[in-house]
Amino acid sequence: MDGTTGARLDAALAADDIWSALFALTEEAPADLPAAVEARYGQASKDERRHLAWLLRCVGERGDPVLLRLLGVSGGDGAEDLLRTAVQRQLRIPAAELHRLAEELGAVEALVDAMGLSCDPGFAPFLGALLKNKTLGGRAALALGRLGAREWTVPIARRLPALTGLDHGAFVVALELLDDPAAIPHLLRELEEKRAPAGDVHHALVALTGQDPLLPLAPPNGNYSEFLHRVWSERRLDDRVDHRLDDRLDDRLDHRYPPSMGPVTPCSPRRARFALDDGRGRIRIDYDPPTPGSFWPRWDKSLRIDGQPVYRVGSDCGTCETTMHLLGWPPRAAREGADRLRTALADADDLGAGVLDAAAPLIGELPSGHYRAHLADLAVERVTDPAASWWARRHELRVDAEPYGEDAFGDWPGTDHFQLRDRIPGETPTYGVLLPSQPLDALDAETVARYTSAIAAGRRPAALALAWVEDVCVEAEHDERFLVAAILDGHHKLAAYAASGVPARVLLLSRAEDNGGPEEGWSVAFNEVMGRL
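Thresholds, definitions, all that
- Residues numbered from 1 in each chain as written.
- Predicted model: local features only at pLDDT ≥ 70, side-chain atom pairs only at ≥ 80, totals over all residues.
- Heavy atoms only, no water.
- Pairing = 2+ DSSP bridges.
- Helix = DSSP H or I, 4+ residues; strand = E, 2+ residues; numbered from the N terminus.
- Core = buried A, V, L, I, M, F, W, Y, C linked by side-chain atoms within 4.5 Å.
- Buried < 20%, exposed > 50% of the residue type's maximum accessible area, 1.4 Å probe, protein only.
- Contact = heavy atoms within 4.5 Å.
- Axes fitted to C-alpha atoms, helices over the stretch in contact; angles between N-to-C directions.
- Parallel < 35°, antiparallel > 145°, perpendicular 65-115°, else oblique.
- Left-handed = near helix turned anticlockwise from the far one by under 90°.
- Nonpolar A, V, L, I, M, F, W, Y, C, P; charged D, E, K, R; others polar.
- pLDDT = per-residue confidence, 0-100.
- Phe/Tyr/Trp six-rings, centres within 6.5 Å; stacked < 30°, edge-to-face > 60°.
- Lys NZ or Arg CZ within 6 Å of the ring centre and 35° of its normal.
- Salt bridge = Lys/Arg side-chain N within 4 Å of Asp/Glu carboxyl O.

Student: How do you make sense of the sheet that holds strand β7 (residues 325-326) when you look at a structure like this?
Tutor: Strand order in this open sheet of four strands is β4-β5-β6-β7, and the pairing throughout is antiparallel. Both edges of this open sheet fall to β4 (283-287) and β7, since each of them pairs with a single strand only. Of the strand pairs in this sheet, strand β6 (residues 308-314) and β7 are connected by two bridges, and their pairing is antiparallel. Paired with Tyr 311 across the strands is Leu 326, a residue of β7.

Following this line, the structure appears as structure tokens:
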């Protein structure tokens, strides 16, 4: 170990502004920082050990071996801090170590979370005994869900009538994680007895049954539980048909309720609306499984395509930054599913001539909901430099904002993408981005050249994207909007448009349930943004 790093660590721990000093050390991230933490830990005070555990979390994988070694020789509060850090790192701690910590610490939050990450079903009885614990019951249920301990499905479900708030949410999410149809009758009973929150129970029923009935944007008579109970009681749930994203998809499965796209209502030559019932949901924005150690059973969301989380979308928080972070590319087959559309979109000037009929097979892969289709011409550019992206440039444009510093590029989505060259007009700063569902550096040059020639000859082939509008007040100070579009088909077309400087023709599909608001289910922000395109 370089003695300089150890000396700097000592100085940081003794600094007046200790967090700033430690953060500066993590920013530089010397290679021997984990070793310096390990060498310092034995002589550290209680508070210093908490800071050192935080450092090990920040250095990531390099700190994991040190974290596990320290955990193996620590006790008391120090062990609990290290255990909490290990959970945040989602490390699998050996069962023998967890048994030792259980004897020493008793049932504490971090231990319950760690048992859920252990993959050891032997911890299920210990966790099951905590289901009635007022403090730890929700965590224990989620831990059992992560272990896949289906023998606890019914005991978890039977606790629902006694729960409210976040505890109720944690138990419902645990049933989703267990993926056991034995929970379905208990969830239906929650609706029948009008216990809230009905929307959470509905989400679980969609996850467990693979069925996704279309719901009105506003419940009749305002009684959501009663309406949902009626909807689900009319469904055939005796033999669950599972075609969900999280399992291996098999088109041979007998999906009892095939996707049904309602009549298309034209609003103008380039705009229309329709409803989708029993959408397959292979392409959807949905909640991620809860992060171990998190207080919230539902928080982060991701855009998923054929079971693969493609982009982390963020949360429902109205004061957080709009972010999109690449998580992985979907299977190749998912990106080829729109081939049948390309003839209809080869030179689309409006939404007539059966454009949406041709799109129906792909639309059926979306979740049920109320949709609008917009055929728009967007002046796009390809972005390869984080500094040129709206994710970074937005910080410079905020009035009276503090300098964002070196982290201005931290919101870069992690891949080249397209964006609107200019801000969308309006009083609120509004930006447009189109994110790929395949890597742009792998596009076929000949295909791009073919589209470039067609565009130069006056053709206007259309790309297809799923779009929504983020409307936030960042840190409750800066109003900001993003039109976010995930490209489902047409990457080569958009590359050709961007290179040609010709506005790109894009068919945007938007779902009211992803843009919720008081105006017929659509947010004011969505209507204003789309009205200005």
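Student: Please clarify how the nonpolar core should be interpreted in this entry.
Tutor: Nonpolar side chains tend toward joint burial in soluble globular proteins. In this structure, Leu 9, Leu 83 and Ile 156 are the most contacted members of the largest nonpolar core, which totals 79 residues. Sorting elements by how many residues they give to this core places helix α12 (residues 165-178) first, with seven residues. With residues up to four places along the chain from it excluded, the contact list for Ile 156 reads Leu 131, Ala 141, Leu 144, Phe 171, Leu 175 and Leu 178. Judged by nonpolar contacts, the second largest core, of 39 residues, contains Ile 283, Ala 348, Leu 466 and Phe 482.

Student: Is there a simple way to explain helix α13 (residues 184-192) in this structure?
Tutor: For an α-helix the count is 3.6 residues per turn, leaving residues at separations of three or four pointing the same way. Among the residues of α13, those classed as buried are Ile 184, His 186, Leu 187, Leu 188, Glu 190 and Leu 191. Buried residues along α13 sit against α11 (153-158), α12, α14 (198-209) and α15 (224-233). Residue Lys 194 follows α13 closely and has a positive phi angle near 60°.

Student: Where do I start with the packing of helix α4 (residues 46-59) against helix α6 (residues 76-88) in this structure?
Tutor: Packed helix pairs are characterised by how far apart their axes lie and by the angle those axes make with each other. At a minimum axis distance of 9 Å, the contact between α4 and α6 shows a crossing angle of 15°. The orientation of α4 with respect to α6, classified from their angle, is roughly parallel. Remark: the crossing between α4 and α6 carries right-handed chirality. Along the contact surface, α4 presents Lys 46, Arg 50, Ala 53 and Arg 57, while α6 presents Asp 77, Asp 81, Leu 82, Thr 85 and Gln 88. The class makeup of the residues in the contact of α4 with α6 is two nonpolar, two polar and five charged.

Student: I tried to follow the confidence of the model for the protein on my own but got confused; where do I start?
Tutor: Close reading of the predicted structure is inappropriate where its pLDDT is low. The predicted model of the protein has a mean per-residue pLDDT of 89, with 91% of residues at 70 or higher. Long-range and interchain partners of residues 241-255, a stretch whose pLDDT sits below 50, account for 35 contacts in this model, where long-range means more than four residues apart.

Student: Looking at this structure, how should I read the environment of Glu 381?
Tutor: Inspection of the secondary structure assignment puts Glu 381 in strand β9 (residues 380-383). Taking the relative accessible area as the measure of exposure, Glu 381 reaches 22% and is therefore partly exposed. In sequence terms Glu 381 and Gln 419 are 38 residues apart; their C-alpha atoms lie 5.6 Å from each other. Residues contacting Glu 381, with those up to four places away along its chain left out, are Arg 393, His 417, Phe 418, Gln 419, Leu 420, Arg 421 and Ala 498.

Student: It is not clear to me how unusual backbone geometry should be interpreted in this structure. Could you clarify?
Tutor: For residues besides glycine, phi is generally negative; the peptide bonds are generally trans as well. Unusually for a residue other than glycine, Ala 29 sits at a positive phi of about 50°. For Ala 29, the position within the fold is in the loop between α2 (18-28) and α3 (33-41). Classification of Ala 29 by relative accessible area gives partly exposed; the value is 31%. Backbone geometry places Glu 475, a non-glycine residue, at a positive phi of 55°. Position of Glu 475 relative to the elements: it lies in the loop between β12 (462-474) and β13 (478-489). Under the relative-accessibility criterion, Glu 475 is labelled exposed at 57%.

Student: Explain the packing of aromatic side chains to me, please; I cannot follow it from the model alone.
Tutor: Inspection of the entire model under this criterion finds eight aromatic pairs. Their ring planes at 80° and their centres at 5.1 Å tell us that Trp 19 and Trp 54 sit as a pair that is edge-to-face. You can see Trp 19 sitting in helix α2 and its partner Trp 54 sitting in helix α4, a full 35 residues away along the chain. Take Trp 19: its relative accessible area is 43%, and that puts it in the partly exposed class. When its relative accessible area of 23% is taken as the criterion, Trp 54 is described as partly exposed. The structure contains a cluster of three or more aromatic residues connected by ring pairs, namely Trp 390, Trp 391, Tyr 431 and Phe 482. Sitting above the plane of the Tyr 287 ring, Lys 301 keeps its charged end 4.9 Å from the centroid.

Student: What is the right way to read the pairing of β6 from this model?
Tutor: Regular strands show a simple pattern: their side chains alternate between the two faces of the sheet. Inspection of the sheet shows strand β5 (residues 301-305) paired to β6 by five bridges, in the antiparallel sense. By the bridge assignment, Leu 303 is partnered in β6 with Tyr 311. Turn length for the β5-β6 hairpin, with the two strands adjacent in sequence and antiparallel, is two residues, and the turn residue Asp 306 shows positive phi of about 50°.

Student: Explain the pattern of salt bridges here, please?
Tutor: Opposite charge on two side chains permits them to pair, given that their charged atoms come into close proximity. Here the structure, examined in full by the defined rule, presents 34 salt bridges. For Glu 480, the salt bridge is made with Arg 394, and the minimal N-O distance between the two is 3.3 Å. Residue Glu 480 is found in strand β13, and its partner Arg 394 is found in helix α18 (residues 390-396); the two are separated by 86 residues along the sequence. Among the charged side chains, a network of salt bridges with common partners joins Asp 47, Arg 50, Glu 80, Asp 81 and Arg 84.

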